Amino acid sequence: MSLPARDGVTLVVPHRSRRDTLQRLLASVDGWRVLVVDDSDDGLDLDVPRVRLGGGSGFARACNAGLSVVRTRCAVVVNDDAVPLGDTVERLARQGGLCGPVLVGPAGVESTGIAVAPWGRVRQSTDVPAADRQVQALSGACLHLPAHARFDERFPHGFEDVELCLRLGGAWLVAGARCFHEGG
């Protein structure tokens, strides 16, 4: 018998500056185990479990700081400007491994996977499949992963999610899961 999905997952939320979007995210994941990585300059005063960094450490370092204290088997890294819709976190937890949802933004579908050509060109897919599919990489805006995985901190901002997915052998897009991502 498997454990309920909520028992095996911690949401790791790297936070830099937008408290309004962070509070919206926290309200949307009520009932899930959450750890905020406070990478703001002045510190958070919210009553949530958190790890404090000095401010402006970057996405990869903030995620890794949170992942290093997670005690569940898996984590879902969620940007503080993203909101998993409906049962998205449950779907990702049930899929397991390295997986993520369809990202939607203010202008519509933002990402359904990322492909990297052998010569290095990166291409974002926006076609929504009818079923789950394997992709080379997914955005770190909302990404389920084994809690022992780590982002490469040599990437100052950008592509650390792509590198992680490529290093771990690809990821699964969970076609029925959606996450609204304000940041784009």
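Residues numbered from 1 in each chain as written. Predicted model: local features only at pLDDT ≥ 70, side-chain atom pairs only at ≥ 80, totals over all residues. Heavy atoms only, no water.

A. Geometry of empty space enclosed by the protein. In the structure shown here, the tally under the stated rule is one cavity of 30 Å³ or more. In this structure, the largest cavity occupies an estimated 40 Å³ of space. Among the elements that take part in the lining of the largest cavity, strand E6 (residues 99-105) stands out by supplying three residues, more than any other. Across the lining of the largest cavity, the residue classes break down as four nonpolar, four polar and no charged. (1 Å grid on protein atoms, 1.4 Å probe; cavity = no way out; pocket = protein on both sides within 12 Å on 5 of 7 lines; lining within 4 Å. Points joined across faces, edges and corners; volume = space filled by probe spheres on them. Helix = DSSP H or I, 4+ residues; strand = E, 2+ residues; numbered from the N terminus. Nonpolar A, V, L, I, M, F, W, Y, C, P; charged D, E, K, R; others polar.)

B. Unusual backbone geometry, seen in detail. One non-glycine residue, Phe159, adopts positive backbone phi at about 75 degrees. Mapping Phe159 onto the fold places it in the loop between strand E11 (142-146) and helix H4 (160-167).

C. Geometry of the nonpolar core. By size, the foremost hydrophobic cluster in this structure holds 31 residues, and its most contacted members are Leu143, Leu145 and Phe151. Put simply, the parts of the chain that give this core at least two residues each are strand E2 (33-38), helix H2 (59-67), strand E4 (74-78), E6, E11, H4 and strand E12 (171-181). Per-element tally for this core: the top contributor is H2, with six residues. Among all residues touching Leu143, those that are not within four sequence positions of it are Ala75, Val76, Val77, Leu98, Cys99, Leu138, Phe151, Leu164 and Cys165. Judged by nonpolar contacts, the second largest core, of 26 residues, contains Trp32, Leu44, Leu46 and Cys99. (Core = buried A, V, L, I, M, F, W, Y, C linked by side-chain atoms within 4.5 Å. Buried < 20%, exposed > 50% of the residue type's maximum accessible area, 1.4 Å probe, protein only. Contact = heavy atoms within 4.5 Å.)

That's the geometry; what it means functionally is another story.
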